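Residues per chain, in single letters:
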Amino acid sequence: MPGNLPTIKHKLWRKDLLWRVLREDVDIVIIGAWLAYAAAHPGCSEARATLMQAVAEKIFFAGEHVAGPLTQALLRRDIVRRKRGQAGRRPARDEIETERRPATGVWALPNFVDLFPAVRRPMKLFDCPHCGHRLYFENAQCLNCSSLVLYDPERACFVLSGGDAVPCGNADECACNWRAEPGRIFCRACALNQLIPDLSVEGNRRRWIRVEAAKKRAVYSLLAFGLPVAPKAGPQDEAGLAFDFLADPIGGGPGGERILTGHDNGRITLNVAEADSAERERRRVEMGENYRTLLGHFRHELGHYYWDRLIRDDPERLSGFRALFGNERVDYEQALKAHYAKGAPPDWEQRHISAYAASHPWEDWAETWAHHLHITDTLEMVHALNFPLGRLETVEANDLPPGDTGGHPLREPAEPNPAPEPFERILARWLVLSEASNSINRCMGLPDLYPFVISEVTAQKLAFVHQLLTDLPKTNGTIREQATAL
């Protein structure tokens, strides 16, 4: 390409662009300069499109650096021209104005995933497909430009609502913000529902909304690991997954029965009373638990479901499971009765992640599975936030590099997936993060964020779960970009 970088910088300076690069995009000044050069000299649309694709990939896969406001604006600038099919001329002022957002004058931005299929931001940090403003996982509308948005689990991003992007049928029922599956009424998460609570009962809709929010985070993690997630096709379908969200009968059942949270052959039942913080805390204290959340319930019960799907019928995996967790053929009901009557052994922390995990190998597995998802999901957010774990002062020796943010740099699109990191590395990050977050919580007078001890034996069990998940063939759906690091 003609020209040299100093000349480009000079041109940018005259347009007051270089200062914005230096202020907002320090780490990608060279890429930003070349991008500006390409946008300002639209000689060949095909060549420019190729350059834009390459530069976008470099920016978004740079690892430690993500495109800042200027680079995104420059991308928008060229996209507006290409979108109008006017490669040979600059758009007229009135044409540009029609693409501007009145509030800030930033060009409207088509979804980056549509234009650059290989380009994705780190998961858990999402952008508005119209203005690029930050979106959170539960958002249904951009607070910056007021665009209605939907989360698309197949592409792991938000899309504008409308056209082919149809809201889930539960959008007005339980505030679902996911995109309906093509040709279907419900989204991929709501399609798993079999029974919902009686919405004529006061408070049940509010409880259902909270339950659905937690369930969607759980489903996100499953899709991110490429796990099979499909609704039951019928009562005899053992492979499918279904959820029943039920409330206790008023006054209890005929014998004072209550709805119990649990799993039975792919059917997960959850008592929506758990959505009330006061009731959930009462049960936590009653059960002597360190931790009790809706998301934790989902991940625990899903652990039972995936044990049936991934381990039960695989002799090699089953043998590895028994070597670490014990023999699951021990009578389950008797084991639970003994646990509730006598409690966990005094030294349970040496072998289990929680006291309840000591009750039976199945419960040990489900608790370990849930904690693995807690750990990987949280570290994914840490990596997306570019949080420097290696710079934290902790009691344990922090051997992480100063720039360690919880994962590998994002790979280039043409590069093969690197080998998964050993779980020991992931655990080292988690121990640093949990110690820091627990210390912060104590400063606020709050309980520890992660009140658990990971012993050597427990670490081996977590590594077993990690190896199982990283070895799985991936199915269609949300694929965690940092899966290689998690």
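Residues numbered from 1 in each chain as written. Predicted model: local features only at pLDDT ≥ 70, side-chain atom pairs only at ≥ 80, totals over all residues. Heavy atoms only, no water.

### Regarding unusual backbone geometry
Excluding glycine, most residues fall at negative phi; most peptide bonds, likewise, are trans. To keep things clear, this is the line we draw: The numbering of helices and of strands both runs from the N terminus, where a helix is a DSSP run of H or I of at least 4 residues and a strand a run of E of at least 2.
In the Ramachandran plot, Ser-146 falls in the positive-phi region, its phi being about 70° despite a non-glycine side chain. Relative to the elements of secondary structure, Ser-146 occurs in the loop between β2 (134-135) and β3 (149-152). Even without a glycine there, the phi angle at Asn-265 is positive, about 55°. By the element assignment, Asn-265 lies in the loop between β7 (262-264) and β8 (267-271).

### Details of the pattern of salt bridges
Using the following cut-off: For this document, the term salt bridge refers to a Lys or Arg side-chain nitrogen within 4 Å of an Asp or Glu carboxyl oxygen. The buried label goes to any residue with under 20% of its type's maximum accessible area, the exposed label to any with over 50%, and the partly exposed label to all in between, with areas taken from a 1.4 Å probe on protein chains only.
Summed over the entire model, instances satisfying the criterion amount to 26 salt bridges. For Asp-152, the salt bridge is made with Arg-179, and the minimal N-O distance between the two is 3.0 Å. On the criterion of sequence distance, the pair formed by Asp-152 in strand β3 and Arg-179 in the loop between α8 (171-174) and β5 (193-195) is long-range, its members being 27 residues apart. The exposure class of Asp-152 is buried, given its relative accessible area of 5%. Across the salt bridge formed by Arg-442 and Asp-448, the nearest N and O atoms sit 2.8 Å from each other. On the accessibility criterion, Arg-442 (53% relative accessible area) is exposed.

### Comments concerning the packing of aromatic side chains
Counted only if it meets this: When the centres of two rings from Phe, Tyr and Trp lie within 6.5 Å, Trp using its six-membered ring, the rings pair. Their planes under 30 degrees apart give stacked, over 60 give edge-to-face, and anything left gives tilted. We count a charge as sitting over a ring when the NZ of a lysine or the CZ of an arginine lies within 6 Å of the ring centre and within 35 degrees of the ring normal.
Throughout the structure, instances matching the rule amount to 25 aromatic pairs. Residues Phe-137 and Tyr-220 carry aromatic rings whose centres are separated by 5.6 Å and whose planes lie at 70° to one another, so their mutual orientation is edge-to-face. Here Tyr-220 lies in helix α9 (residues 204-224) and Phe-137 lies in the loop between β2 and β3, a separation of 83 residues in the sequence. The exposure class of Phe-137 is buried, given its relative accessible area of 4%. Through a chain of ring-to-ring contacts, three or more aromatic side chains come together here, namely Tyr-305, Tyr-306, Trp-307, Phe-321, Phe-325, Tyr-332, Trp-362, Trp-365, Trp-369 and Phe-464. Geometry around Trp-178 places Lys-216 over its ring, the cationic atom sitting 5.9 Å from the centre.

### Thoughts on the state of the cysteines
Rules: Any cysteine sulfur atom paired with another within 2.5 Å is treated as part of a disulfide.
Inspection of every chain in the model, using the stated rule, returns zero disulfides. Not part of a disulfide, Cys-190 finds its nearest cysteine sulfur in Cys-187, a span of 3.7 Å.

### A closer look at the layout of surface pockets
Using the following cut-off: Residues are called lining when one of their atoms sits within 4 Å of a cavity or pocket point, these points coming from a 1 Å grid over the protein atoms alone, where a cavity is a set in which a 1.4 Å probe fits but cannot get out and a pocket is an open set with protein on both sides within 12 Å along at least five of seven lines. Grid points are joined across faces, edges and corners, and a volume is the space filled by probe spheres set on the points. Any residue outside Ala, Val, Leu, Ile, Met, Phe, Trp, Tyr, Cys, Pro, Asp, Glu, Lys and Arg is labelled polar, Gly included; the first ten of those are nonpolar and the last four are charged.
Taken as a whole, the largest pocket spans an internal volume of roughly 1400 Å³. Considering the residues around the largest pocket, the lining is formed by 46 residues, among which Met-287, Glu-289, His-300, Tyr-340 and Tyr-356 are closest to the centre. The class makeup of the residues in the lining of the largest pocket is 16 nonpolar, 17 polar and 13 charged.

### With respect to the nonpolar core
Rules: Throughout, nonpolar core names a set of buried Ala, Val, Leu, Ile, Met, Phe, Trp, Tyr and Cys residues whose side chains join them through atoms within 4.5 Å.
Ranked by size, the top nonpolar core spans 58 residues in total, and within it Leu-227, Leu-302, Tyr-306, Ile-311, Trp-365 and Trp-369 carry the most contacts. Contributing elements (two or more residues each) for this core: β3, α9, β6 (242-246), β8, α11 (294-310), α12 (315-325), α14 (361-384) and α16 (456-471). In terms of residue count, α9 provides more of this core than any other element does, nine residues in total. Grouped together as the second largest cluster of nonpolar side chains are 18 residues, Ile-353, Ile-375, Phe-423 and Trp-430 included.

### So, the confidence of the model for the chain
Caution applies to low-pLDDT parts of the model: their predicted coordinates are not meant to be read in detail. Let me state the cut-off plainly: For every residue, the predictor states its confidence as a pLDDT score lying anywhere from 0 to 100. Two residues form a contact once any of their heavy atoms are found within 4.5 Å.
Of all residues in the chain, 66% attain a pLDDT of 70 or more, and the chain-wide mean is 76. Segment residues 36-42 is flagged for pLDDT under 50; beyond a separation of four residues in sequence, or across chains, it makes 19 contacts in the model. Between residues 56-122, whose pLDDT stays under 50, and residues either more than four places distant or in other chains, the model counts 141 contacts.

### Some words on the sheet that holds β8
Paired through their backbone hydrogen bonds, the strands of a sheet run either parallel or antiparallel. Our working definition: Any two strands with at least two DSSP bridges between them are considered paired. Whenever a helix is involved, its axis is fitted only over the stretch in contact; in every case the axis is a line through C-alpha atoms, and angles between N-to-C directions fall within 0 to 180 degrees.
Taken in spatial order, the four strands line up as β5-β6-β8-β7 in an open sheet, and their pairing is mixed. Of all strands in the sheet, those bounded by a partner on one side alone are β5 and β7. Pairs of neighbouring strands in the sheet enclose a mean axial angle of 30°, with direction left out of account. Note that β7 and β8 share three bridges and pair antiparallel. Bridge assignment links Gly-262 to a residue of β8, and that residue is Thr-269. Where α9 meets the sheet, its contacts fall on β5, β6 and β8, and the angle it forms with β6 comes to roughly 150°.

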